[in-house]
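# Structural overview for review
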Amino acid sequence: MFSVIIVPDGCRGPEEQYRLEPGHTLRFGRTAPAGNGLTISHPAVACAAGEITATGAFWILTNFSSDQTYIVENPEGAGEHIRVAPGRADAPVPFEFARVRLCAGESRPGCGFDVLAPRHDYLAPGASSAGGALLHGGGTDEAAVEGTLADGARGAEEWSFDPFPRPYPLDHTCHYFLVLTALCEASLRTGDAAAAPVPGVTELTERLRPVWPDATPAAVAWNIDYLRVKLRLRAPDDPEKVREALVRFALRFDLVQEEHLAVLEGQLV
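Quick caveat: nothing in here was measured; it's all calculated off a predicted structure.

Before going further, it helps to spend a moment on the sheet that holds strand S5 (residues 50-54). The 5 strands are arranged S4-S3-S5-S6-S9 in an open sheet whose pairing can be described as mixed. In the strand order of this sheet, the two ends are held by strand S4 (37-39) and strand S9 (91-93), each with one partner. Direction aside, the axes of adjacent strands within the sheet are offset by 25° on average. Across 3 bridges, strand S3 (residues 25-29) lies against S4 in parallel orientation. Note on S4: the bridge partner recorded for Phe28 is Leu38.

What follows deals with the packing of helix H2 (residues 175-190) against helix H5 (residues 239-252). Contact geometry of H2 with H5 gives a least axis separation of 9 Å together with a crossing angle of 75°. Regarding the angle of H2 to H5, the classification is roughly perpendicular. Each of Leu180, Leu183, Cys184, Ser187 and Leu188 in H2 lies in contact with H5, whose residues at this interface are Arg243, Leu246, Val247, Ala250 and Leu251.

What follows is about the sheet that holds strand S10 (residues 97-101). If you trace the 6 strands from one edge of the open sheet to the other, you get S2-S1-S11-S10-S7-S8, paired in antiparallel fashion. Edge positions in the sheet fall to strand S2 (18-20) and strand S8 (81-84), since each has one partner strand and no second. Going across the sheet, the axis of each strand differs from the next one's by a mean of 20°, ignoring polarity. Two strands pair when backbone bridges link them, and strand S1 (residues 4-8) and strand S11 (residues 112-116) are joined in this way by 4 bridges, in the antiparallel orientation. Its bridge partner lying in S11, Ile6 is registered against Val115.

Here we come to the packing of aromatic side chains. Per the counting criterion, the structure on display carries 8 aromatic pairs. Relative to Phe113, the ring of Phe28 lies with its centre 5.0 Å away and its plane at 65°, an arrangement referred to as edge-to-face. Here Phe113 lies in strand S11 and Phe28 lies in strand S3, a separation of 85 residues in the sequence. As far as the burial class goes, Phe28 and Phe113 line up, both buried. Taken together, the ring pairs connect Phe97, Tyr176, Trp222 and Tyr226 into an aromatic cluster.

Let's shift gears to the packing of H2 against helix H4 (residues 217-230). One can describe the packing of H2 onto H4 by two numbers: an axis separation of 9 Å at closest approach and a directional angle of 95°. Classified by the angle their axes make, H2 and H4 are roughly perpendicular. Touching His175, Tyr176, Val179, Leu180 and Leu183 of H2 are Val220, Asn223, Ile224, Tyr226, Leu227 and Lys230, all from H4. Its residues assigned to classes, the contact of H2 with H4 shows 8 nonpolar, 2 polar and 1 charged.

Basis of the calculations
Residues numbered from 1 in each chain as written. Predicted model: local features only at pLDDT ≥ 70, side-chain atom pairs only at ≥ 80, totals over all residues. Heavy atoms only, no water. Pairing = 2+ DSSP bridges. Helix = DSSP H or I, 4+ residues; strand = E, 2+ residues; numbered from the N terminus. Axes fitted to C-alpha atoms, helices over the stretch in contact; angles between N-to-C directions. Parallel < 35°, antiparallel > 145°, perpendicular 65-115°, else oblique. Contact = heavy atoms within 4.5 Å. Phe/Tyr/Trp six-rings, centres within 6.5 Å; stacked < 30°, edge-to-face > 60°. Buried < 20%, exposed > 50% of the residue type's maximum accessible area, 1.4 Å probe, protein only. Nonpolar A, V, L, I, M, F, W, Y, C, P; charged D, E, K, R; others polar.

Dropping the structure here:
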């Protein structure tokens, strides 16, 4: 399955996106390779500008330019960004959402592209107890625990967690989780998913504005489309049916629970 989606400026649909499986690469530049490259026609972009390589949970960027520093921004990171110097090879990019800017001082569309990495994984939260030994295979290192207690150490916690990623990992700090929670809110509050109405995009936008002041119908709709991709949801193209399918899926697999409603009040859970 693909792990990285490259969205060129002016992209009009999925057919104009580039989807990379782990280990696959995409070169980009003003004269990108035919058939396997992203052409960026801005005059400030080098003919051979760079290369993206997909991995399982992140992607790496190589800068072919000899004089341009590329900026990779996290649109949801309050200014978080990384700089990829000229000639830098295999710079890892940890962001799930990224805007790649190829021209310094140029903020208009046409001199960059967006990259999505929907396969970010998160470990299932585990219980904690006194101790200090890392558990392997579910066992307990009693000697290490006894030794720690004998030394009078306080506040040590045992590393007890499930090493396997969640099947449907979601970042609770991202806008897409706000959108998914707002979609499920009525069903969670009434306790009856079948009877609760699924809000439309305009209603969602108004509901989210207190915690997401810049929310727009277009941004909310984009996040709904992204959730459909991230959760590998098969649903008709009808927007209403997509929203209904997301609610059913999220509630069925406990992706959104009543405790998560706190994010709609600005609290992280």
